[in-house]
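Residues per chain, in single letters:
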Amino acid sequence: MLKNTYLSKLSILFLVIFLSIPTLAYGETPGSTKISGGVQYEYTNKTVASNPQAFRQLVVDLNDPFTTVDVGIPTPLNKLASTTSQANAYTAPGQQVAGAINGSFFWGSDQGYLPMYLIAYRDRLMNAGIIASGRDQYVNQPIAFGIDSTGKGKIDSYNLRLSFNHNGQDYPITSTDKHRSTDNLILYTPLYPKSTTETNALGIELVIEGVTGGTALNFGETVTGVVTKKRERNDPQASTIPKDGFVLSAHGAAMSSIDNIGVGETISITANIDEKWKGSSFMLTSGPELVKDGRVHLGIDPNSDRARERAPRTAIAIDRTGTKVFMVTVDGRQSGYSQGQSLKEFAEYLVSIGAYQALNLDGGGSTTMAVRKPGDFNVSLFNRPSDGRERSVSTSLFAVSTAPAGTPATVGAKLAKPGVYLKGTKGSVVVDYVMDNYYNPVTFNKTDLKLSSPQGLISVNGQEFTAQKAGTGSITAQINGVTGTIPFEVVESIHTVKPSSASIDVRAGEKRTLTVKAYDSKNREVIFDPSLVKWSASANIGTITSSGVLTAASKEGKGTVTATLGGKTVTIPVAITGAYYRVDNMESLDNWTSSATNGKASISMNSAKEPAFEGKGALKLTYDFTGTTGTSAAYVDAKTPMSLAGTPVKLSARVYGDASNTWLRGRIQDGQGKEYTIDFTPENGLKWLGWNYVTAAIPAGATGNITLKQIYIAQPTDSLKTKGSIMIDDVKAIFNTGYKEGLFKDTGLTFRAENEIASLVNEGVIAGYADGNFGPYQELTRQQAAILLARALKLPLDNVTDPGFEDMVPSMTFYKEVAAVANMGTIRGKENGKKFDPNGKLTRAEMAAILQRGFDLQLSDQNHFSDINGSFAKDAINSLASNDITQGIGGGKFGPGQNISRADFSVFLHRTLSKK
């Protein structure tokens, strides 16, 4: 921000703007910014009742002669549009929208998206709306916000009197331009978005034409017309609404008021409002009331679901004098950022910022805060809507500047590359905006920018400069007659050089541009010309250009790249791979953040008790979907989309599952900017516990340089929602369709039981160990066998009957699984059923017996093995052989007394499951 020499106070104010306004709204920091002569934008985040909350407000000073508040009304009435688009459509010379929020509630598709409540504009009734009955409803009282005849903000009750007169008798009209319901008398006007009333045959309608004074329903005025047509009950044809008149449509008890009126008779229609609202520029009804006379005062049952729900909220408020208007939002439903508030909490916040009267507006996914950035003609979205995008709404409220064009006063300028500059480095200044003394944007020609340095730190060449002399000072910029300074510093030398990446994985033949960063003795990043870096590469990994472009060798290998800058050298390890590119080894959280929809999410690194699959680090995603409705999701978001080094065929990762039956997915973007959702599992497919190797196919239509934006879990089914955590490690882009990796460290692709183990892992039947091993030759215990059978058979574990084993009590881990299979008769106890012997080794004969019982395999009288005569499991062993589940151990033997390993049991169990 630069200051004008003759407007020093104003310039200081704009310096604050320059330093505090967010470059991107989503990355803003708490602070206050003046965005027009009478409008202040404020952002704050705080924790309320242990929940993070993000508040934004526009503080509008109506004492400013060029500041007012106005309402955006849909035309036609059922047209929905985003708050930002409504505000930008309203903006014109002399009426610049400085900021905006969404307005009041509107009906859904079943009611044609019409506004729900009263709207008046320039003393004209635009929509009469309804007032709901019941203290649990948002709008159960006639209370509106508006700007009254004195130009002050008003939040107060009103009494709308809408009636028609026939033969000297007044009759009340229920509402205007809404779907007619039971016992309603509705006045349809040319504002109604349809050409007919769209009503059914269960009523009576009068078509009124030739209206004197036009069809505008101005408060306190009466218009008169003649009945030209009468639609009788049971007539299926809905009445056409005349362009110069109305239709009165009655149902039920209301029919008696128009039943005796015939064609040719005269009807007068009057709309009126309280004197306190006469002459107001607009009125907008919403609710409930939140603050009254400076205190929390909820116009809704505070124990109702609507009041207690934590949700995004929007409110309009005024101070005691009515000269200050607060437009306030709080975001919600986004774990770690802003959870949302109950109505009571929101009201308390409004009181804390000075609200004397406050009214709730539409919230949830409709909550929107739009703000005009310095120098912009239009507003931009500043809050983070819970839908992940801005929702279309019915009405909006605008903070408006009516200031005329003034004198250029401030310029928003900055270094194209901010930081400390190395002597000899070239740079440039970027002009973001020029504003006049009324904060209006001013057009300018960037080529008119003139640069200089009072301390002689730079030499200038047009809009570019070269850091010429070491020292601390400033750059002076001048454009459109406004001058100012940008802090600037030049250093003589650098202290440290660091690579942008500590190590690099590249594919064979791939081109990759490498960069380094430089720091001074104070550990500040130093800006330098890339041409000053000298690059070299070891012969076995390829070649590198003077600008740092590495062309990897055509075969796999390892080597180094060396970079030298200002006498400082750094060496970067390089690995060349063929079939894959390692996207992230997850050794840190540097590249990632988290977010959630309908739930909570956070990320951390694995603990010492949670070994990574590769290296030391793994990213841990913790989530909580409990108590929410709708699709819940917990995201691991890339801070910057992660390159997949081209167009791979699939993406792979090591994932430590929590058997939550969630849906593991990802989000990518191709080189054309098109986004795709990819699936690592089917819906409800994250069934495993422990480490697993998962892949997601890249859609055939995705081309170019693909980037990874998210990895996430989702749960669309409310009854399956839970909380837990997963870990993600070793994310790779795979370029060879035939490339695979072993599931566990101690098995591998050539292991004889790899496919069977993988199938059971994916179904959540068996799991490996936390360190990434499977232990294939470890002997299986009876308890482990019970657990696997309970999972494979999907036995219910609730309310299991105690089988009475002396060595198993309900408090023991996996007691329920043992009880479930024992109750089924699949695994029997020892010592006449007294003991289960959970740690006893399972023999091959016992394995055969429990598989035959558990899966009800047909018995066989054919003897298949020479060593099973006399075995208690002879028939079961023969059953397995007859069903092609076992071929024995060779030499015509089965080995019934041998203990069975985890790998062998996995094979037998998988084969048995395939027979079901």
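Refer to the structure presented above.
What you are looking at is a predicted structure, and each value in this text was computed from that prediction instead of being measured.

Novice: Go over the overall build of the chain with me, naming the residues and quoting the values.
Specialist: Each helix and strand counted, the chain has 10 helices and 56 strands in total. Taking 2.2 N^0.38 as the reference for a compact globule, 916 residues should give roughly 29 Å; the C-alpha atoms of the chain span a radius of gyration of 37 Å, well beyond that estimate. Projecting the C-alpha coordinates of the chain onto the three principal axes gives extents of approximately 110 × 85 × 45 Å. In the chain, buried positions account for 52% of the 916 residues. Long-range contacts, defined as pairs at least 24 residues apart, comprise 70% of the intrachain contacts of the chain with a sequence gap of at least 6. Counting only carbon and sulfur atoms, one obtains 48% of the accessible surface of the chain, whose full area is about 38,700 Å². In the chain, which carries 91 positive and 85 negative side-chain charges, the distance between the mean positions of the two groups comes to 5 Å.

Novice: Could you give an account of the packing of aromatic side chains, with specific residues and numbers?
Specialist: For the coordinates displayed, the defined rule picks out 21 aromatic pairs. Arranged with centres 5.3 Å apart and planes meeting at 85°, the rings of Y41 and F382 form a pair that is edge-to-face. One end of the pair, Y41, is in strand β2 (residues 39-48); the other, F382, is in the loop between β26 (379-381) and β27 (396-401), and 341 residues separate them in sequence. Across the pair, F382 and Y41 agree in class, each one buried. Note on F164 and Y171: the rings are 4.9 Å apart at their centroids and 20° apart in plane angle, and the pair reads as stacked. Judged by relative accessible area, F164 falls into the buried class, the value being 0%.

Novice: Tell me about the sheet that holds strand β43 (residues 549-552), residues and numbers included.
Specialist: Spatial ordering of the open sheet is given by β38-β43-β42, a layout of three strands whose pairing is antiparallel. In the strand order of this sheet, the two ends are held by β38 (511-513) and β42 (542-544), each with one partner. Ignoring which end each strand starts from, the neighbouring axes of this sheet average 15° apart. As defined by bridge partners, β42 adjoins β43 across three bridges and the pair is classed as antiparallel.

Novice: Which residues make up the pairing of strand β55 (residues 707-715), and what values go with them?
Specialist: Across the nine residues of β55, eight count as buried, placing the element largely inside the fold. Sheet analysis places strand β52 (residues 663-669) next to β55, joined by seven bridges and oriented antiparallel. Looking at the pairing, W663 lines up with A714 of β55.

Novice: Requested: an account of helix α2 (residues 83-90), with residues and values cited.
Specialist: Among all positions in α2, only T83, T84, Q86, A87 and Y90 are buried. End-on view of α2: buried residues confined to an arc of 160°, all on one side of the axis. Close packing links the buried residues of α2 with β4 (67-72), β5 (96-102), β25 (369-372), β26 and β27.

Novice: So what's going on with the sheet that holds strand β19 (residues 282-285)? Residues and values would help.
Specialist: Consider a sheet: its strands pair through backbone hydrogen bonds, and that pairing is either parallel or antiparallel. Here six strands make up an open sheet; going across it, the order is β9-β8-β19-β6-β7-β15 and the pairing antiparallel. A single partner strand is all that each edge strand has here, and the edge strands are β9 (153-157) and β15 (217-218).

Novice: Could you give an account of the packing of helix α8 (residues 844-855) against helix α9 (residues 874-882), naming the residues involved and the relevant values?
Specialist: Put simply, α8 and α9 touch, their axes get as near as 8 Å, and they point 70° apart. Between α8 and α9, the angle is such that the two are roughly perpendicular. The segment α8 lies against α9, with A845, M847, A848, A849, L851 and Q852 engaging A876, I877, S879 and L880. In terms of residue class, the contact of α8 with α9 is made up of eight nonpolar, two polar and no charged.

Novice: Outline the packing of helix α5 (residues 754-762) against helix α10 (residues 902-914), listing residues and values.
Specialist: Two elements in contact, α5 and α10, have axes separated by 9 Å at closest approach and are oriented at 70°. On the basis of their axis angle, the class for α5 and α10 is roughly perpendicular. Crossing handedness for the pair α5 and α10: left-handed. Where α5 approaches α10, its residues E756, I757, S759 and L760 are matched on the opposing element by S906, V907, L909, H910 and L913. Residue composition of the contact of α5 with α10, grouped by class: five nonpolar, three polar and one charged.

Parameters at a glance
Along each chain, residue indices are assigned from 1 in the same order as the chain's sequence is written. Given that the model is predicted, a residue must reach a pLDDT of at least 70 before its local features are reported, and side-chain atom pairs must reach 80 or more before they are shown or counted; all residues, however, enter totals for whole chains, interfaces and linings. Computation of side-chain values covers all heavy atoms of the structure but excludes hydrogens and water. Strands here are runs of E lasting at least two residues and helices are runs of H or I lasting at least four, both read from the DSSP assignment and numbered beginning at the N terminus. In this setup the radius of gyration rests on C-alpha atoms only. A globule is expected at 2.2 Å times the number of residues raised to 0.38. Buried means the residue's accessible area, taken with a 1.4 Å probe over protein chains only, is under 20% of the maximum for its type, while exposed means over 50%, and partly exposed covers the values in between. Note on contacts: a residue pair is in contact if any heavy atoms of the two residues lie within 4.5 Å. Note that accessible areas follow from Shrake-Rupley with a 1.4 Å probe, and for residues the cover is restricted to the protein chains shown. By the counting scheme adopted, Arg and Lys are positive, Glu and Asp are negative, and His together with the chain ends is not counted. Charged groups are reduced to one reference atom each: NZ for lysine, CZ for arginine, CG for aspartic acid, CD for glutamic acid. When two rings of Phe, Tyr or Trp (its six-membered ring) have centres within 6.5 Å they constitute a pair, described as stacked for plane angles under 30 degrees, edge-to-face for angles over 60, and tilted for the intermediate range. Only strands joined by at least two bridges in the DSSP assignment are considered to pair. Axis lines are fitted through C-alpha atoms, for helices just across the contact stretch, and the angle between N-to-C directions can take any value from 0 to 180 degrees. In this context, the arc is that of the directions from the helix axis out to the C-beta atoms. If an angle is under 35 degrees, it is roughly parallel; if it is over 145, roughly antiparallel; if it lies from 65 to 115, roughly perpendicular; otherwise it is oblique. Only Asp, Glu, Lys and Arg are considered charged, only Ala, Val, Leu, Ile, Met, Phe, Trp, Tyr, Cys and Pro nonpolar, and every remaining residue, Gly among them, polar. Throughout, a crossing is termed right-handed when the near helix is turned clockwise from the far one, and left-handed when it is turned anticlockwise from it by less than a right angle.

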